[in-house]
Amino acid sequence: MILSIIIPCYNEENTIEEIVSAVIKSPYPEKEIIIVDDSSTDRTREILKSSIEGKVSKVIYQNKNMGKGSAIRTGIKVATGDIVIIQDSDLEYDPNEYSILISPIISNKADVVFGSRFRGGKETRVCYFWHRMGN
């Protein structure tokens, strides 16, 4: 199984090296790391070109800032892995927790998993309001 890890970034000069290093060191040896720079105006592009490009699978530079959603879609288009993970570049999520995130997919309990900083790391199924009220 190969993970495709997409890291969209915009003006992340203070965190990009640290998050890339953490993703590289994460527990899955077979991974494709794709960084999509959404036309950063700080030193992010310089850092990507000077110290990150050779360490990851792909770095894509968008010529115009089009937003995080666009950067994610760009990364998904070139991803070749079995499972795609979107990793924020601001250190919000820990790459060492990928196993928790993809476990429901591997065990065929889910097709998609969304991480949340509000749920406390516990696996929960989506239960829509009206389903809950009906039950």
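Residues numbered from 1 in each chain as written. Predicted model: local features only at pLDDT ≥ 70, side-chain atom pairs only at ≥ 80, totals over all residues. Heavy atoms only, no water.

Colleague: Got a sec to walk through the overall build of the protein? Specific residues and values, please.
Modeller: For the protein, the count of helices and strands is five helices and four strands. Sorting the 135 residues of the protein into buried and exposed places 36% on the buried side. Sequence separation of at least 24 residues holds for 71% of the intrachain contacts in the protein that already meet a minimum separation of 6. (Helix = DSSP H or I, 4+ residues; strand = E, 2+ residues; numbered from the N terminus. Buried < 20%, exposed > 50% of the residue type's maximum accessible area, 1.4 Å probe, protein only. Contact = heavy atoms within 4.5 Å.)

Colleague: So what's going on with the nonpolar core? Which residues, and what values?
Modeller: Judged by nonpolar contacts, the single largest core of 20 residues is most densely connected at Leu 3, Ile 7, Ile 16, Val 20, Ile 35 and Ile 52. For this core, the elements supplying multiple residues, two or more each, are strand S1 (3-9), helix H1 (16-25), strand S2 (31-37), helix H2 (44-52), strand S4 (83-86) and helix H4 (98-106). What Ile 16 contacts, discounting residues up to four positions off in sequence, is Ile 7, Cys 9, Ile 47, Leu 48, Ile 52 and Ser 89. One finds Ile 6, Ile 34, Ala 71 and Ala 79 within the second-largest nonpolar core, a separate group that totals five residues. (Core = buried A, V, L, I, M, F, W, Y, C linked by side-chain atoms within 4.5 Å.)

Colleague: I'd like a rundown of the packing of H1 against H2, residues and numbers included.
Modeller: At a minimum axis distance of 10 Å, the contact between H1 and H2 shows a crossing angle of 40 degrees. In terms of orientation, H1 lies oblique with respect to H2. Seen from above, H1 lies across H2 with right-handed handedness. Counted together, Ile 16, Glu 17 and Val 20 of H1 and Ile 47, Leu 48, Ser 51 and Ile 52 of H2 form the full contact between these two elements. Class assignment of the residues belonging to the contact of H1 with H2 gives a composition of five nonpolar, one polar and one charged. (Axes fitted to C-alpha atoms, helices over the stretch in contact; angles between N-to-C directions. Parallel < 35°, antiparallel > 145°, perpendicular 65-115°, else oblique. Left-handed = near helix turned anticlockwise from the far one by under 90°. Nonpolar A, V, L, I, M, F, W, Y, C, P; charged D, E, K, R; others polar.)

Colleague: I'd like a rundown of the pattern of salt bridges, residues and numbers included.
Modeller: Within this structure, the stated rule accounts for four salt bridges. For Asp 37, the salt bridge identified is with Arg 45, shortest N-O distance 2.6 Å. Considered together, Asp 37 and Arg 45 belong to a single accessibility category, that of buried residues. (Salt bridge = Lys/Arg side-chain N within 4 Å of Asp/Glu carboxyl O.)

Colleague: How would you sum up the pairing of S1? Please name residues and give values.
Modeller: For S1, the tally of buried residues reaches seven of seven residues, placing the bulk of the element in the interior. Alternating residues of S1 divide into Leu 3, Ile 5, Ile 7 and Cys 9 and Ser 4, Ile 6 and Pro 8, and every residue in both groups is buried. Alignment of S1 against S2, held across seven bridges, turns out to be parallel. Each residue of the ladder has a partner; that of Ile 5, found in S2, is Ile 33. In this fold, S1 hands off to H1, which returns the chain to S2; that crossover is right-handed. Both S1 and S4 contribute to a ladder of four bridges, which runs parallel. For Ile 6, the partnering residue across the bridge sits in S4 and is Ile 86. (Pairing = 2+ DSSP bridges. Right-handed = clockwise from strand over helix to strand, strands pointing away.)

Colleague: Residue-level account of the sheet that holds S2, with values.
Modeller: The sheet built from four strands is open, its strands ordered S3-S2-S1-S4 with parallel pairing. Strands at the two margins of the open sheet, each flanked by one partner only, are strand S3 (58-61) and S4. Put simply, the sheet's adjacent strands are angled 20 degrees from each other on average, direction ignored. Alignment of S2 against S3, held across four bridges, turns out to be parallel. Across the sheet, residue Ile 34 finds its bridge partner in S3, namely Lys 58. Along the sheet, H2 contacts S1, S2 and S3; its crossing angle with S2, the most-contacted strand, is approximately 150 degrees.

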